[in-house]
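Commentary on secondary and tertiary structure
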Amino acid sequence: MVPSHISSPDVLIVGAGPTGLSLAITCRRFGLAVRIIDRAAEPSRVSKALAVWSASLEALDSMGVIEDFLAAGERMHELAIGWGARRLATMAVGVGIDSPYPFPLLLPQSRTKQLLAQRLAALGVTVERGVELTGLAQDKEGVSATLCGADGQEQVARARYLVGCDGARSRVRRSLGVAFDGTTEPATFLLCDARIEGGAMDPASIQLCWQRRGTIALFPVEHGVWRVFAMRQSGTDEPATLAELQAQLDRHGPGGLRLRDPSWLSTFRINARLAARYRVERCFLAGDAAHIHSPAGGQGMNTGIQDAVNLGWKLAQVLHGEGDAALLLDSYSDERRPVAADVVKGATQKLHLAFGTGLFLRFARTAAIPIVARLPFVQRALQHELSETGVVYRDGPLVALGQPVRGHRRTEVGTRACDIVFRDSATGQRRTLWPLLGWAGHTLLLFGTLARQPLPAEVDEHQVQVLRLDADTDPNGAAAARYGISGSGWVLIRPDQVVAARGKANDLSRLGVYAHHVLRGRQHLRAAA
Ligand SMILES: Cc1cc2nc3c(=O)[nH]c(=O)nc-3n(C[C@H](O)[C@H](O)[C@H](O)COP(=O)(O)OP(=O)(O)OC[C@H]3O[C@@H](n4cnc5c(N)ncnc54)[C@H](O)[C@@H]3O)c2cc1C
């Protein structure tokens, strides 16, 4: 039966995958009443995603769950192309990333979901399992969702807002009539999670092997289990067998490796699709419900987690009666949809480069990649892209308030904030900015003489957390230099770790404009749970 005790939460989240769980945690941390349902009776034991990248780790920090992730996962070292004497290139992963977590973390998706669900439970919310959304309707005050329990009984539940985090075949998306245009790859792909005998495999590296006109990719899962990923030449959809994967590994892999004890064997088609809209009035789409693409690059789950942190604080702001609701809620799609469009495009290119069978692509793989992949700027660009730390929000009404400049150097408006080290004025201890960004609001950095003056009249102490960086707390000016501030100035950081607005000491107008549209109505500082 569908439980009826939480009759009208602020937000009803449909789907308890990584996106839905991240959104539920974010909403709870900001003090919202949340309900999260999933039609599956049990969490899935198989793990599609295996890698958590830097920007997601930064988000997990603000969700209060990073220590659990770091303890459970393995830091990835490198992407190796070729094997032994046939090694074509090695790309270090995570080097040069400007982040408190400058590495990708290898962790199966089933564990990611487990850790997120534990954190959510600690915040007082349990996933309601065996509850499926079958329909929805909305009006000016809220959303009515038809929910069906495992016993087949239906109930209509109300919520102020609803977010469809219900995966690629999203019922929410279809109920809203939102188009999901894109393409389907003609080839069938094969996947197997199994133990591998016969080779000294580095459990912190990904292996990509190209030979005899084909590709095989090997990803460490955990405890000696590897994921083997290949493309079926025939394009049929019959179930995969271990013998078929073994034959692919023998033909295209390094040789001498034996697969055993498969825990997951699957065939699947790859789609590249993007929802036409992310918002229809009081309903939103996030994660795979809004964007799907090839697993090449390992970005799907990561992009979903970041959709969740972008939307969560905006819903909280609106539900607490703070700021301009239309501006905040519209900005979700304006900011996140272009990011997904780039991810979908990049994942398709990577898939074709790794698995394409055409003459040109085969030539590029064996002749050009060994040279190009060694170039430091190529390695840097790829890592920036995959880590998602270089994501820039260029569009939408919220970014416009901060008047972004062209070029988008890191720490400009719309880019991700950078971590800084400073001296705590009370204790004299060395501290870093990042843990402070985990609180439930905006953070205002004041530099130079501005840091020694009363809080600018454009904001009040209920609206922002203030960090003063002057000659005492930033003695050698390193923090100011990281933010490109010479002399005095200010930088306002959003709860999702994005730079909201910035300016010089003598120009506080943007701070006033932003505070008027976004922070207006806030009565008190709210600590995160
Ligand atoms: C082989 C493979 C490898 C991948 N590797 C990576 C990687 O390394 N890194 C990465 O970032 N991504 C990777 N991905 C992508 C990643 O797995 C997905 O992007 C991720 O699962 C999306 O999370 P989500 O929460 O949006 O959706 P899902 O994980 O699909 O969760 C949706 C949830 O909604 C529930 N649901 C569906 N319909 C309803 C309904 N009507 N009512 C109630 N509940 C409903 C489902 O039961 C499910 O639990 C990979 C994908 C594949 C296929």
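In what follows, the structure referred to is the one given above.
Attention in this report is confined to the structure presented alongside it. Only a predicted model underlies this, so the values are computations on that prediction, with no experimental measurement involved. (Residues numbered from 1 in each chain as written. Predicted model: local features only at pLDDT ≥ 70, side-chain atom pairs only at ≥ 80, totals over all residues. Heavy atoms only, no water.)

1. A look at the site of the ligand
Applicable threshold: When we say a residue is near a molecule or strand, we mean one of its heavy atoms is within 4 Å of it. Distance and chemistry together define a polar contact, namely a pair of N or O atoms within 3.5 Å, with one atom able to donate a hydrogen and the other to accept it when in protein, and with adjacent residues in sequence counting only for side-chain atoms on both sides. Each helix corresponds to a stretch of at least 4 residues labelled H or I by DSSP, and each strand to a stretch of at least 2 residues labelled E; elements are numbered beginning at the N terminus.
Taken together, 30 residues surround the ligand, and among them Asp38, Gln109, Asp288, Met301 and Asn302 come closest. One nitrogen or oxygen atom from the main chain of Pro18 is found 3.2 Å from an oxygen atom belonging to the ligand. Within the contact set of the ligand, an oxygen atom lies 2.8 Å away from a side-chain nitrogen or oxygen of Thr19. Elements represented by at least two residues in the shell around the ligand include exactly helix H1 (18-29), strand S9 (132-138) and helix H7 (300-319). The element contributing the most residues to the shell around the ligand is H7, with 3 residues.

2. Some thoughts on the pattern of salt bridges
Threshold: For this analysis, a salt bridge means a side-chain nitrogen from Lys or Arg found within 4 Å of a carboxyl oxygen belonging to Asp or Glu. Three exposure classes are used, based on accessible area relative to the maximum for each residue type with a 1.4 Å probe and protein chains only: buried under 20%, partly exposed in between, and exposed over 50%.
For the coordinates displayed, the defined rule picks out 20 salt bridges. Note that Arg416 and Glu58 form a salt bridge whose closest N and O atoms lie 2.7 Å from each other. Of this pair, Arg416 sits in the loop between helix H11 (397-401) and strand S21 (421-423) while Glu58 sits in helix H2 (residues 54-62), placing them 358 residues apart in sequence. Judged by relative accessible area, which is 7%, Arg416 ranks as buried. Between Arg269 and Asp237 there is a salt bridge; the shortest N-O distance is 3.3 Å. Of the two residues, Arg269 sits in strand S17 (residues 258-275) while Asp237 sits in the loop between strand S16 (225-232) and helix H6 (242-252), which places them 32 residues apart along the sequence. Given the relative accessible area of 33%, Arg269 is considered partly exposed. Within this structure, Lys314, Glu335, Arg494 and Asp496 form a network of salt bridges that share partners.

3. Some words on the sheet that holds strand S3 (residues 51-52)
Keep this limit in mind: We call two strands paired when DSSP finds no fewer than two bridges between them.
What the 3 strands build is an open sheet, ordered S3-S7-S4; its pairing is antiparallel. Sheet topology places S3 and strand S4 (74-75) at the edges, where each strand pairs with a single neighbour. Both S3 and strand S7 (residues 105-106) contribute to a ladder of 2 bridges, which runs antiparallel. Bridge pairing links Ala51 to Leu106 in S7.

4. Focus: the packing of aromatic side chains
Geometrically, a pair of aromatic rings is defined through the distance of the ring centres and the angle of the planes. To keep things clear, this is the line we draw: Side-chain rings of Phe, Tyr and Trp (the six-membered ring for Trp) are treated as a pair once their centres are within 6.5 Å; stacked means planes under 30 degrees apart, edge-to-face means over 60, and tilted covers the remaining angles. To sit over a ring, a charge needs its Lys NZ or Arg CZ within 6 Å of the ring centre and within 35 degrees of the ring normal.
Counted according to the given criterion, the structure contains 9 aromatic pairs. Summarising the aromatic geometry, the rings of Phe189 and Phe229 are spaced 5.8 Å apart at their centres and angled 15° between planes, so their arrangement reads as stacked. Remark: Phe229 occurs in strand S16 and Phe189 occurs in strand S13 (residues 180-197); sequence separation between them is 40 residues. In this pair, the class of Phe189 matches that of Phe229, namely buried. Note on Phe284 and Tyr332: the rings are 6.1 Å apart at their centroids and 70° apart in plane angle, and the pair reads as edge-to-face. Of this pair, Phe284 sits in strand S19 (residues 283-285) while Tyr332 sits in helix H8 (residues 325-355); the two residues are 48 residues apart in sequence, bridging distant segments of the chain. Like Tyr332, Phe284 is buried. The ring of Tyr161 has Arg282 lying over it, and the distance from NZ or CZ to the ring centre is 4.7 Å.

5. Regarding the packing of H1 against helix H4 (residues 109-122)
Worth spelling out the cut-off: A fitted line through C-alpha atoms serves as each axis, taken over the contacting stretch for helices, and the angle formed by two N-to-C directions is quoted from 0 to 180°. Note on terminology: angles under 35 degrees are roughly parallel, angles over 145 are roughly antiparallel, angles of 65 to 115 are roughly perpendicular, and the others are oblique. Crossing handedness follows the turn of the near helix against the far one: under a right angle anticlockwise gives a left-handed crossing, and clockwise gives a right-handed one. Between two residues, a contact is recorded if the distance between any of their heavy atoms is within 4.5 Å. Just so you know the grouping, Ala, Val, Leu, Ile, Met, Phe, Trp, Tyr, Cys and Pro go in nonpolar, Asp, Glu, Lys and Arg go in charged, and all remaining residues, Gly too, go in polar.
In contact at an axis separation of 9 Å, H1 and H4 are set at 20° when each is read in the N-to-C sense. Here H1 lies roughly parallel to H4, going by the angle between them. H4 is crossed by H1, and the crossing has left-handed handedness. Mapping the contact onto sequence places Pro18, Leu21, Ser22, Ala24, Ile25, Arg28 and Arg29 in H1 and Gln109, Lys113, Leu116, Ala117, Arg119 and Leu120 in H4. Among the residues forming the contact of H1 with H4, the class breakdown is 7 nonpolar, 2 polar and 4 charged.

6. A look at the pairing of S16
Counting buried residues along S16, 8 of its 8 residues qualify, which places the element largely inside the surrounding structure. Burial of the side chains of S16 extends over both faces: Val225, Arg227, Phe229 and Met231 are buried on one face and Trp226, Val228, Ala230 and Arg232 on the other. Pairing geometry for S13 and S16, over 8 bridges, is antiparallel. Note that in S16 the partner of Arg195 across the bridge is Val225. Of the strand pairs in this sheet, strand S15 (residues 214-222) and S16 are connected by 6 bridges, and their pairing is antiparallel. Bridge pairing in S16 places Ala217 opposite Phe229. In this structure, the hairpin formed by S15 and S16 is closed by a connection of 2 residues, where His223 is found at a positive phi of approximately 50°.

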